[in-house]
Amino acid sequence: MADTPRPLVAGNWKMNGLRGSAAELTKIMSGAPEVAARADLMVCPPTTLLATFASLVQGTPVTVGAQDCHAEPSGAFTGDLSAEMLADSGAVAVIVGHSERRQYHRETDVEVNAKARAAWRAGLTAIVCVGETKDERESEKTLDVVHQQTQTSLPDGANAKNLVVAYEPVWAIGTGLTPTPADVAAVHGFIRRHLETRYGAAGNDIRILYGGSVKPSNAVELLHVPNVDGALVGGASLKADDFLGIARAYLA
Ligand code: 13P
């Protein structure tokens, strides 16, 4: 059997955090060495904190990512940020196609694909999010939706270094609800087969994260599902103890 990829536990802080939140990052950094032997740790703060956080984590096992980017490298796009700017601020990765961007900013799979390619152009890892809504799950369209999203949102030429896929069922985000381990296994296995068909051997090494109401209390169960190579954590990533508690699932 092929080796499984090294896990990644990434915290998506969303629109949360002020300068004082550096204290929480410092706590994460102090707990990081314990888990760093088994998993990579990343914090994706709001962009206002990116440069500060990137300098704070230097020399530690923690890396810093961003939450979105524009597809163009520069230009007249008031309020937007390019992948180059995020890289210049110290990000090593950027989340693209999060369901909150798809929902509130009407982002399409084609736009997400362009953003992922922009991330690569700037030397960043693209963390591409996919996942079905409650209605889609209830009408048994989950795999169709995930197929469409992966097919169109993921660019050609992906490998384990430039791409991470995050499966985040929309109905599980911030709700306390999670799919059963069997449901997670079915979707992650489906995504794995897509990655292998599309990218050959590299598809085996691309990390597939699970996201949606991950907490220390359910992390062991969710993160040990086959083809789950880590977590994309929202609410629980805002507290160092909870975030580290999730990552400790890899010590179990
Ligand atoms: P929660 O962990 O708060 O459910 O959010 C998940 C998420 O959207 C991470 O990107």
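Right above here is the structure, for reference.
J.: I'm lost on the site of the ligand in this one. Help?
T.: Lining the immediate environment of the ligand, one finds 13 residues, of which Lys14, His98, Gly174, Ser213 and Gly235 sit closest. The separation between an oxygen atom of the ligand and a polar side-chain atom of Asn12 is 3.0 Å. Lys14 places a side-chain nitrogen or oxygen 2.8 Å from an oxygen atom of the ligand. For the ligand, the protein covers 94% of the area, taking 310 Å² as the surface of the free molecule.

J.: Sorry, what's going on with empty space enclosed by the protein here?
T.: Taking a probe equal in size to a water molecule and rolling it over the atoms shows the remaining empty space. Under the criterion given, the structure shown has 1 cavity of 30 Å³ or more. When its volume is computed, the largest cavity comes out at roughly 40 Å³. In this structure, the largest cavity is lined by Gly97, His98, Ser99, Arg102, Cys129, Val130, Gly131, Gln149, Glu168 and Val170. Put simply, the parts of the chain that give the lining of the largest cavity at least two residues each are helix 4 (99-104) and strand 5 (125-130). Residue composition of the lining of the largest cavity, grouped by class: 3 nonpolar, 5 polar and 2 charged.

J.: Before we go on, may I ask you to explain the sheet that holds strand 5 in this structure?
T.: The pairing of strands in a sheet happens through backbone hydrogen bonds and is either parallel or antiparallel. With parallel pairing, 8 strands are arranged side by side around a closed barrel as 1-2-3-4-5-6-7-8. With strand direction ignored, the average angle separating the axes of adjacent strands in the sheet is 25 degrees.

J.: Even after reading the chapter, I still don't get the packing of helix 1 (residues 22-36) against helix 2 (residues 50-57), so can you show me in this structure?
T.: Any two packed helices are characterised by the angle at which their axes cross and by the distance between the axes. Two elements in contact, helix 1 and helix 2, have axes whose closest approach is 11 Å; the angle formed by their N-to-C orientations is 30 degrees. In terms of orientation, helix 1 and helix 2 fall into the roughly parallel class. Along this stretch, helix 1 crosses helix 2, giving a crossing that reads as right-handed. Every residue of helix 2 that contacts helix 1 at Ala22, Leu25 and Met29 is listed here: Phe53, Leu56 and Val57.

J.: Whenever I open this one, unusual backbone geometry confuses me. Can you help?
T.: A negative phi holds for most residues other than glycine; trans holds for most peptide bonds. A positive phi angle, close to 50 degrees, is found at Lys14, a residue other than glycine. As for its position among the elements, Lys14 is in the loop between strand 1 (8-12) and helix 1. The phi angle at Glu140 is positive, at roughly 60 degrees, despite the residue not being glycine. Within the secondary structure, Glu140 is located in the loop between helix 6 (134-138) and helix 7 (142-153).

Criteria and thresholds
- Residues numbered from 1 in each chain as written.
- Predicted model: local features only at pLDDT ≥ 70, side-chain atom pairs only at ≥ 80, totals over all residues.
- Heavy atoms only, no water.
- Near = heavy atom within 4 Å.
- Polar contact = N/O pair within 3.5 Å; in protein donor to acceptor, adjacent residues only side chain to side chain.
- Areas by Shrake-Rupley, 256 points an atom, 1.4 Å probe, with all protein chains shown as cover.
- 1 Å grid on protein atoms, 1.4 Å probe; cavity = no way out; pocket = protein on both sides within 12 Å on 5 of 7 lines; lining within 4 Å.
- Points joined across faces, edges and corners; volume = space filled by probe spheres on them.
- Helix = DSSP H or I, 4+ residues; strand = E, 2+ residues; numbered from the N terminus.
- Nonpolar A, V, L, I, M, F, W, Y, C, P; charged D, E, K, R; others polar.
- Pairing = 2+ DSSP bridges.
- Axes fitted to C-alpha atoms, helices over the stretch in contact; angles between N-to-C directions.
- Parallel < 35°, antiparallel > 145°, perpendicular 65-115°, else oblique.
- Left-handed = near helix turned anticlockwise from the far one by under 90°.
- Contact = heavy atoms within 4.5 Å.

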